[in-house]
Amino acid sequence: MITLYHCEGARSFRPLWMLEEMGLPYELKMLPFPPRVLAKDYLGINPLGTIPFLIDGETRMSESSGICHYLGIRHGPTPLMVGPEDPAYGAFLNWMYFSDATLTFPQTLVLRYAQLEPEERRNPQVAGDYAKWFLGRLRVVEAALANAETLCGGRFTAADIVIGYALRLANAIGLAKDFGPNVAAYWARLQQREGYGRAVAAERKAGVEQNVPPRVRA
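All values reported here derive from a predicted model rather than from experimental measurement. (Residues numbered from 1 in each chain as written. Predicted model: local features only at pLDDT ≥ 70, side-chain atom pairs only at ≥ 80, totals over all residues. Heavy atoms only, no water.)

*Asks:* For this particular structure, what's the right way to read the overall build of the protein chain?
*Replies:* Along its length, the protein chain carries 9 helices and 4 strands. For 218 residues, the compact-globule estimate of 2.2 N^0.38 gives 17 Å, and the protein chain sits close to it at 17 Å. Overall, the C-alpha framework of the protein chain stretches about 45 × 45 × 25 Å when taken along its three principal axes. The contacts in the protein chain between residues at least 6 apart in sequence include a share of 69% that link residues at least 24 apart. About 10800 Å² of surface is accessible on the protein chain, with carbon and sulfur atoms providing 54% of the total. The centroid of the 23 positive side-chain charges in the protein chain is displaced by 4 Å from the centroid of its 22 negative side-chain charges. (Helix = DSSP H or I, 4+ residues; strand = E, 2+ residues; numbered from the N terminus. Rg over C-alpha atoms; globule rule 2.2 N^0.38 Å. Contact = heavy atoms within 4.5 Å. Areas by Shrake-Rupley, 256 points an atom, 1.4 Å probe, with all protein chains shown as cover. Lys, Arg positive; Asp, Glu negative; His and termini not counted. Charge placed at Lys NZ, Arg CZ, Asp CG, Glu CD.)

Okay, structure coming up:
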């Protein structure tokens, strides 16, 4: 059985969404955020204390986009993956890496310095600068969607899951109001997917059942 450690709204939503799209059985372990502070026993499982953490037999993984790639290959075949024989393979891999390294990284600094730090340590300039960084990088997504409903391969793939999570996080931290028209329409389409809806429902259900309250954002 696949086990996924998850915090509400965190990057672990990427593999959760992937699991739901693939229809794979899994166990979802909810943790309070940040787990390295509020769930210290978790450090015995993942010494970094970061989320996500996936256990699949002897496999241990902590990178959200990498987990999605692993699930698609290890538990496929699935149309969510784009193979090396496909002309869109390079674009697919680029989106998979771009999703976290380029899009989510600046968002984490916006979240930290606008909401998570104690009031006296918050820094509106840092938050504002990195919000602009994120929105600047998002122009690549806006351009890619000018004449397409998905990012690559002519269909919904894991690339849309990993980029879609960055849009979910942007929405949570107040940046969705600055989406371009193509990205805004794309984000609306993603939220209509049954797999996305199941992932959101699974997150909420597990939080209630495991008595882990939702994150409070300022």
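We are not done yet, so read on.
*Asks:* In this structure, what is going on with the side chain of D100? I would like to understand it.
*Replies:* By the secondary structure assignment, D100 is in helix α4 (residues 89–116). Taking the relative accessible area as the measure of exposure, D100 reaches 13% and is therefore buried. Within the local environment of D100, its side chain forms a polar contact with the side chain of R14, the two groups lying 2.9 Å apart. Contact partners of D100, with chain neighbours within four places excluded, come to R11, R14, E63, S64, S65 and F105. (Buried < 20%, exposed > 50% of the residue type's maximum accessible area, 1.4 Å probe, protein only. Polar contact = N/O pair within 3.5 Å; in protein donor to acceptor, adjacent residues only side chain to side chain.)

*Asks:* Even after reading the chapter, I still don't get the layout of surface pockets, so can you show me in this structure?
*Replies:* If a probe the size of a water molecule is rolled over the atoms, the empty space left behind becomes visible. The space that makes up the largest pocket amounts to roughly 620 Å³. Examining the composition of the lining of the largest pocket, we find that 5 residues originate from one element, α4, more than from any other. By residue class, the composition of the lining of the largest pocket is 11 nonpolar, 6 polar and 6 charged. If you add up the space inside the second largest pocket, you get close to 190 Å³. In this structure, the second largest pocket is lined by 13 residues; those nearest its centre are E8, R168, N171, A172 and Y196. Here the lining of the second largest pocket gets 5 residues from one element, more than from any other, and that element is helix α7 (residues 158–172). (1 Å grid on protein atoms, 1.4 Å probe; cavity = no way out; pocket = protein on both sides within 12 Å on 5 of 7 lines; lining within 4 Å. Points joined across faces, edges and corners; volume = space filled by probe spheres on them. Nonpolar A, V, L, I, M, F, W, Y, C, P; charged D, E, K, R; others polar.)

Fair warning: the whole summary comes from geometry, so function is off the table for now.
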